[in-house]
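Descriptive structure summary
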Amino acid sequence: VAVVLLPAVLAVEAGGRKRFELDAATVGEALRQLPVRNLLFDEAGELRRLINVFVDGVDVRGGRLLEEPLRAESEVRVVGAVAGG
Amino acid sequence: MGVVLPVGTRKGLFLLSSADRSSWDVEGPLLQGWAVYHAIVDPRDGTLHAATNNPFYGATVHRSSDQGETWERAEELGLPEDGELKLNATWHIEPGRDSELWLGGDPGVLFRSDDGGRTWQLNEELFAHPTRERWQPGAGGMCTHSIQLADGALYVAISAAGAFRSEDDGRSWTPINQDVAAEFMPDPYPEVGQCVHKLLVHPQHPERIWQQNHCGVYRSDNRGDTWERLDGNGLPTSFGFPLALDPEDPDVAYVIPEQSQEHHYTADGRLGVYRTSDGGASWELTAGGLPDRAWVAVLREGLAFDGDGIYFGTQSGSVWTAPRGGAKWTEAVRDLPPILSVEAAAA
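First, a word on scope: everything that follows refers to the structure included in this document. (Residues numbered from 1 in each chain as written. Chains lettered and ligands numbered in written order. Predicted model: local features only at pLDDT ≥ 70, side-chain atom pairs only at ≥ 80, totals over all residues. Heavy atoms only, no water.)

Brief notes about the interface of chain A and chain B
What counts is decided by this rule: Note on contacts: a residue pair qualifies if any of its non-hydrogen atoms lie within 4.5 Å across the two residues. Two parts placed together each lose some accessible area under a 1.4 Å probe, and the buried area is that loss summed for both. One side-chain nitrogen of Lys or Arg within 4 Å of one carboxyl oxygen of Asp or Glu is enough to make a salt bridge. Identification of polar contacts relies on pairs of N or O atoms within 3.5 Å, with a donor-acceptor requirement for protein atoms, meaning one able to donate a hydrogen and the other able to accept it, and with residues adjacent in sequence counted only if both atoms are side-chain atoms. The helix and strand labels rest on DSSP assignments: H or I over at least four residues marks a helix, E over at least two residues marks a strand, and numbering proceeds from the N terminus. Amino acid classes used here: Ala, Val, Leu, Ile, Met, Phe, Trp, Tyr, Cys and Pro are nonpolar; Asp, Glu, Lys and Arg are charged; the rest, including Gly, are polar.
In this complex, chain A contributes 17 residues to the contact, which on the side of chain B involves 17 residues. Summing the contributions of chain A and of chain B, the shared interface buries around 1400 Å²; its carbon and sulfur component is 51%. The tally of links from chain A across to chain B stands at three salt bridges. We note a salt bridge from Glu13 of chain A to Arg73 of chain B, for which the minimum N-O separation is 2.8 Å. Taken together, the links from chain A to chain B amount to ten residue pairs in polar contact (both at pLDDT 80 or more). Within the residue set of the side of chain A that touches chain B, elements represented by two or more residues are helix 1 (8-13) and helix 3 (37-40) of chain A. The element best represented in the side of chain A that touches chain B is helix 1 of chain A, accounting for three residues. Its residues assigned to classes, the side of chain A that touches chain B comprises ten nonpolar, two polar and five charged.

This is how it looks when you write it as structure tokens:
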């Protein structure tokens, strides 16, 4: 199973849980199982612009982010983009 | 009767409560991490509803049935999946006539909930209004910020689309912008496109509507069919955002003018609430207790009233209160995060 870690605001919205263990083959499959999926994805199903995802410490970017494959022990960390000063 | 003020800030919700409107208890921040554009206590069941926005996680609505102890987020809220538009922000929540709730948002959209705010249905008729292509966003986005229910009619005001009235519970919408200026448009009196900043219907006299507009303060005595411009006569400028009324006297209104459309702070560096008691024919400054020199801003949702008092919050984090009439102001709390909204509810 992959482990998904949420930042504080999302953890509150997930009922106080910041760590989820999920069966998922890709980043998208993992994120769409979360109880906060409607905060991560907009109504068109697109990942919101200012959400970054790190898989095993690597910032996964680009159009194929959601198709990024996960290993059995992958750690997926959701992070709000650092923006501003 | 005590009062509770739900105060929405850029950094969460605060609840100010007072039994005597003189000493205040401050609870918060609740909903940390969310900018609370507007929050209400539903007078029908005491539920707190908050229009919540986050730059990372989007626009939603939260509800609490235990005075803010625990919160539930809306389960369904958004625009059609196959469309080009997305919900950019939630702006205003209004209790309905029966058990329903109404929600205004950006881009110029209206939602209705029939399950206490858990799920929200888009008002398709306003969304597909034939004039929509002539609407444009103001500096705060294209926000549906005013929702009023009165005498069988439903009103919305959108910046910058203008005001609209529905006589059939939202199934059709008529623009009500005659004689309202849009000086920033090639045609300064168009059918739609006016930049309404706040619109209120008088609770006891539903034919009388007031609006603070980008281009003046207006009053209508015929449910918005025609409008009379009221600025001058004691108002330092015609520009401002918030508006308040007196729950019993339809000739009383309050505004907080700003310097200009370019300079969003108090007119003449003087924090003051301007009051009319003659339907807008003349305005007087009520500033007792307020600082002589201040360059602050009060946003469109930042001014509230009830039968006993009037209340406003500043972008600098102060909440000021005065007994009805506004003769003497006192600072209830200071140094909150930038205040986006203030409402008043019986406690």
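Regarding the pairing of strand 17 (residues 209-213) of chain B
Residues and elements named next belong to chain B. Quick reminder of the rule: When a residue's accessible area, from a 1.4 Å probe over protein chains only, is under 20% of the maximum for its type it is buried; when over 50% it is exposed; and in between it is partly exposed. In this description, strands pair whenever DSSP reports at least two bridges between them.
In terms of burial, strand 17 is largely enclosed, as five of its five residues are buried. Where burial is concerned, the two faces of strand 17 agree: the one with Ile209, Gln211 and Asn213 and the one with Trp210 and Gln212 are both buried. Summarising the sheet, strand 16 (residues 196-201) and strand 17 pair through five bridges and their orientation is antiparallel. Across the sheet, residue Lys198 finds its bridge partner in strand 17, namely Gln212. Relative to strand 18 (residues 216-220), strand 17 runs antiparallel, the two being bridged by five bridges.

With respect to unusual backbone geometry
Residues and elements named next belong to chain B. Pro29 follows Gly28 through a cis peptide bond whose omega is 0°. Structurally, Pro29 can be placed in strand 3 (residues 25-30). A cis amide bond links Asp106 to the next residue, Pro107, at an omega of 20°. Its place among the elements puts Pro107 in the loop between strand 9 (101-106) and strand 10 (109-113). The residue Arg223 is not glycine, and still its phi comes out positive at about 60°. Residue placement: Arg223 occurs in the loop between strand 18 and strand 19 (228-229).

Side note on the sheet that holds strand 21 (residues 253-257) of chain B
All names here are of chain B. Note the following rule: Helix axes are fitted to C-alpha atoms over the stretch in contact, other axes to C-alpha atoms as well, and angles between N-to-C directions run from 0 to 180 degrees.
Within the open sheet, the four strands sit side by side as 20-21-22-23. Their pairing is antiparallel. With one partner strand each, in any of the chains shown, strand 20 (240-245) and strand 23 (284-286) form the two edges of the open sheet. In this sheet, adjacent strand axes meet at a mean angle of 35° when their direction is disregarded. The pairing of strand 22 (residues 273-276) with strand 23 spans three bridges and is classified as antiparallel.

Points about the sheet that holds strand 14 (residues 162-166) of chain B
Residues and elements named next belong to chain B. Taken in spatial order, the four strands make up an open sheet running 12-13-14-15, and their pairing is antiparallel. Two strands bound the open sheet, and with one partner strand each, they are strand 12 (143-150) and strand 15 (174-175). The pairing of strand 14 with strand 15 spans two bridges and is antiparallel. Note that in strand 15 the partner of Phe164 across the bridge is Pro175.

Description of the pattern of salt bridges
Residue and element names in this part refer to chain B. Enumeration over the complete set of coordinates arrives at 31 salt bridges over all chains. Here Arg118 and Glu72 are joined by a salt bridge, their closest N and O atoms 4.0 Å apart. One end of the pair, Arg118, is in the loop between strand 10 and strand 11 (121-122); the other, Glu72, is in strand 7 (residues 72-73), with 46 residues separating them in the sequence. The partly exposed category is assigned to Arg118, whose relative accessible area is 33%. The partner of Glu331 in a salt bridge is Arg334, with the nearest N and O atoms 3.9 Å apart. Taken together, the shared-partner salt bridges connect Arg208, Arg219, Asp221, Glu228 and Asp251 into one network.

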